Amino acid sequence: KAGVTQTPRYLIKTRGQQVTLSCSPISGHRSVSWYQQTPGQGLQFLFEYFSETQRNKGNFPGRFSGRQFSNSRSEMNVSTLELGDSALYLCASSLVEVRDTQYFGPGTRLTVL
Amino acid sequence: QKEVEQNSGPLSVPEGAIASLNCTYSDRVSQSFFWYRQYSGKSPELIMSIYSNGDKEDGRFTAQLNKASQYVSLLIRDSQPSDSATYLCAVLPNTGFQKLVFGTGTRLLVSP
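Residues numbered from 1 in each chain as written. Chains lettered and ligands numbered in written order. Predicted model: local features only at pLDDT ≥ 70, side-chain atom pairs only at ≥ 80, totals over all residues. Heavy atoms only, no water.

### Notes on the sheet that holds strand β8 (residues 71–76) of chain B
Residues and elements named next belong to chain B. The five strands are arranged β1-β3-β8-β7-β6 in an open sheet whose pairing can be described as antiparallel. The open sheet has two edge strands, β1 (4–5) and β6 (54–58), and neither has a second partner. In this structure, strand β3 (residues 19–25) lies alongside β8, joined through six bridges in antiparallel fashion. The partner of S20 across the bridge, within β8, is L75. (Pairing = 2+ DSSP bridges. Helix = DSSP H or I, 4+ residues; strand = E, 2+ residues; numbered from the N terminus.)

### So, the interface of chain A and chain B
Taken together, the 18 residues of chain A in the interface contact 16 residues of chain B. Of the roughly 1,600 Å² buried between chain A and chain B on both sides combined, carbon and sulfur atoms contribute 56%. Counting the contacts that link chain A with chain B gives two residue pairs in polar contact (both at pLDDT 80 or more). Contributing elements (two or more residues each) for the side of chain A that touches chain B: β4 (31–38), β5 (42–50) and β6 (53–57) of chain A. For the side of chain A that touches chain B, the residue count by class is seven nonpolar, seven polar and four charged. (Contact = heavy atoms within 4.5 Å. Buried area = accessible area lost by both parts, 1.4 Å probe. Polar contact = N/O pair within 3.5 Å; in protein donor to acceptor, adjacent residues only side chain to side chain. Nonpolar A, V, L, I, M, F, W, Y, C, P; charged D, E, K, R; others polar.)

In structure tokens, the structure reads:
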């Protein structure tokens, strides 16, 4: 079974731009969570989607948004990029519940200049 | 107070020794606890999950949970250099929300 895939793997953007990241979960998994990982803050929860509905959201500004499609694929968008948004963005999929085993994708490394 | 706290390390142990990694959490009603391993430049992978007080063993790994003291630990027996990684503790608060809260991780170094 194929693992979680994320595209693109690397991105370089400038301040003020927007970016869209994509995540394809493991086949059959319906829950997709997004995390931001930085050296100082560690892994921080962004949001979680199940059946195209956002079930929970972390403490990030409204510039961070996401969505999930009927095939469980998910996208996250960051608008008006700031230098502090430079991070590794990870998505993780699980069968139904977050407490089910979460499988992480390889991540998208975003650099904002 | 952070929701999930871990000593950042590095924790250095010789090959063959027992490595003990600790994690404390603030939400007393938390019910589900997880240990992830993250190699440098890689994404986290689940090692153990534990839901009840006591010990849970899986091969060389033992997770220990003490809800009264609000801590969870991971013991790695017969540590190998390949165990050198950052170990992340994650907690699922029993708030009805589908949200894992991670600690910042403990870096483990196992020397040959």
